[in-house]
Amino acid sequence: MLLMEQTWPDVRAYLERCRTIIIPLGSVEQHGLALPLGTDAFIAQAMAQEAGRRTQRLVAPILAPGMSLYVHMDFPGTISFMPDTYTAMIRDCVASLHRHGFRNFLLVNGHGGNEGCIQNAMAEMGYRLPGMKYTWAQWWRMPEINAREDEVGLGRVGHGGGSEAALIMHVRSGLVKSELFGRDMKEARFRTSQDLVRTHVTETGIIDAQQERATAEIGAELFELTVTRLTAMLADLESPA
Ligand SMILES: [Zn+2]
């Protein structure tokens with residue numbers, strides 16, 4: 001159930017039975033030669049929508065672009081908000097929804113660079129807005145995902161890594177150039193935090209990536225594990241304290 005597809009009376013009626021909303025967050029950021037700039041956004045949006053469909057919960061429009069300032073600007077196409085801007089966007093989105101009566105917020109993040117903004121925005125909103133509860137999820141930090149990644153030899157997510165490639169093959173297969181799958185990690189050492197994913201560290205923009213083992217089938221498995229976890233998180237969010 002997408003918020004954008006409802007009328008305002010639809011939302012008013014929804015709020016009479018439920019005060020929960022799911023907010024996906026993503027990025028517009030280079031993901032190497034084979035994966036689209038919208039990788040993080042497409043994955044988070046699909047996960048949020050499927051969790052919303054199964055639980056009949058509303059899903060807000062995705063907040064993307066995200067915060068990609070520090071490491072991806074060497075590659076054409078990346079769009080980033082400043083950290084303060086993105087934090088304010090999350091805050092304003094939550095505050096708007098809270099004003100209408102939403103009280104339970106599940107944020108589904110698809111991009112590691114957004115973490116600090118989410119933490120700051122939600123800590124402040126949790127403090128300021130009466131009666132609100134929130135939780136947030138990142139698929140690559142879920143233990144069941146990491147266990148499956150190890151079993152199938154995908155390696156951890158890295159940037160544009162095997163599991164990310166598998167997930168985008170599942171949710172938007174037509175956008176993946178699998179003939180360009182590869183590994184990339186130049187010999188360069190990381191001298192400062194800003195070196196990560198810059199052109200002198202990785203030629204193609206992926207890092208710690210083992211894309212060649214990615215398949216849509218593995219992507220579907222990881223997707224299902226995540227959506228299962230999200231539905232459980234929604235139940236926790238809505239359970240009385
Ligand atoms: Zn990504």
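Right, let's walk through the structure included here. The model shown is predicted, which means the values in this text are computed figures rather than measured ones. (Residues numbered from 1 in each chain as written. Predicted model: local features only at pLDDT ≥ 70, side-chain atom pairs only at ≥ 80, totals over all residues. Heavy atoms only, no water.)

In the segment running from A64 into P65, the intervening peptide bond is cis, with an omega of 5°. In this fold, P65 is placed in the loop between β2 (58-59) and α3 (83-100). Despite not being glycine, Q56 has its phi angle at roughly 55°, a positive value. Mapped onto the elements, Q56 comes out in the loop between α2 (39-55) and β2. (Helix = DSSP H or I, 4+ residues; strand = E, 2+ residues; numbered from the N terminus.)

Turning next to the nonpolar core. Core analysis: the biggest nonpolar cluster contains 33 residues, and I22, M47, L106, F181 and L230 have the highest contact counts within it. Listed by contribution, the elements that provide at least two residues to this core are α2, β3 (104-109), α6 (162-171) and α7 (216-238). Among the elements that take part in this core, α7 stands out by supplying 8 residues, more than any other. Sequence-distant contacts of L230, defined by excluding residues within four places in its chain, comprise M47, A51, L106, V108, A137 and M142. (Core = buried A, V, L, I, M, F, W, Y, C linked by side-chain atoms within 4.5 Å. Buried < 20%, exposed > 50% of the residue type's maximum accessible area, 1.4 Å probe, protein only. Contact = heavy atoms within 4.5 Å.)

Glancing now at the pairing of strand β1 (residues 20-25). Within β1, 6 of the 6 residues are buried, which leaves it mostly tucked inside the rest of the structure. Burial of the side chains of β1 extends over both faces: T20, I22 and P24 are buried on one face and I21, I23 and L25 on the other. Examined bridge by bridge, β1 and β3 share 6 bridges and lie parallel to one another. Paired with T20 across the bridge in β3 is N104. Relative to β2, β1 is paired through 2 bridges, and the arrangement is parallel. Residue I22 lies in a different strand from β2, and its bridge partner there is V59. (Pairing = 2+ DSSP bridges.)

Where β3 meets strand β4 (residues 133-138), 6 bridges bridge the pair, whose relative direction is parallel. In the strand pairing of β4, N104 is matched with K133. On the question of chirality, the crossover connecting β3 to the parallel β4 by way of helix α4 (residues 115-128) is right-handed. (Right-handed = clockwise from strand over helix to strand, strands pointing away.)

Moving on, we get to a nonpolar patch on the surface. On the surface, a nonpolar cluster with roughly 260 Å² of combined accessible area is contributed by L69, M73 and M82. With a relative accessible area of 48%, M82 lands in the partly exposed category. (Patch = residues over 30% accessible without salt bridge, like charges linked within 9 Å, V, L, I, M, F, W, Y side chains within 5 Å. Areas by Shrake-Rupley, 256 points an atom, 1.4 Å probe, with all protein chains shown as cover. Salt bridge = Lys/Arg side-chain N within 4 Å of Asp/Glu carboxyl O.)

Attention now moves to the coordination of the zinc ion. In this structure, H31 (NE2), D40 (OD) and E164 (OE) serve as the protein donors to the zinc ion, at separations of 1.8 to 2.0 Å. Between consecutive donors of the zinc ion, the numbers of intervening residues give the motif H-x8-D-x123-E. The pair formed by H31 and D40 is uniform in burial state, with each residue classed as buried. (Donors = N, O, S within 2.8 Å, 3.2 Å for Na, K, Ca; no water.)

Side chains bearing opposite charge may pair, as long as their charged atoms lie close to each other. Within the structure shown, the criterion is met by 10 salt bridges. Across the pair E224 and R54 runs a salt bridge, and its minimum N-O distance is 2.8 Å. Placement of the pair is E224 in helix α7 and R54 in helix α2, with a sequence separation of 170 residues. A salt bridge links E144 to R229; the nearest nitrogen and oxygen atoms lie 2.8 Å apart. On the criterion of sequence distance, the pair formed by E144 in helix α5 (residues 143-152) and R229 in helix α7 is long-range, its members being 85 residues apart. Its relative accessible area of 24% is what places E144 among the partly exposed residues. One continuous salt-bridge network, built from bridges that share partners, spans E50, R53, R54 and E224.

This part covers the packing of aromatic side chains. In this structure the tally under the stated criterion is 3 aromatic pairs. Residues Y14 and F102 carry aromatic rings whose centres are separated by 6.1 Å and whose planes lie at 35° to one another, so their mutual orientation is tilted. Residue Y14 is located in helix α1 (residues 8-17), and its partner F102 is located in the loop between α3 and β3; the two are separated by 88 residues in the primary sequence. For the residue pair Y14 and F102, the accessibility class agrees, reading buried in each case. Geometry around F42 places R172 over its ring, the cationic atom sitting 4.2 Å from the centre. (Phe/Tyr/Trp six-rings, centres within 6.5 Å; stacked < 30°, edge-to-face > 60°. Lys NZ or Arg CZ within 6 Å of the ring centre and 35° of its normal.)

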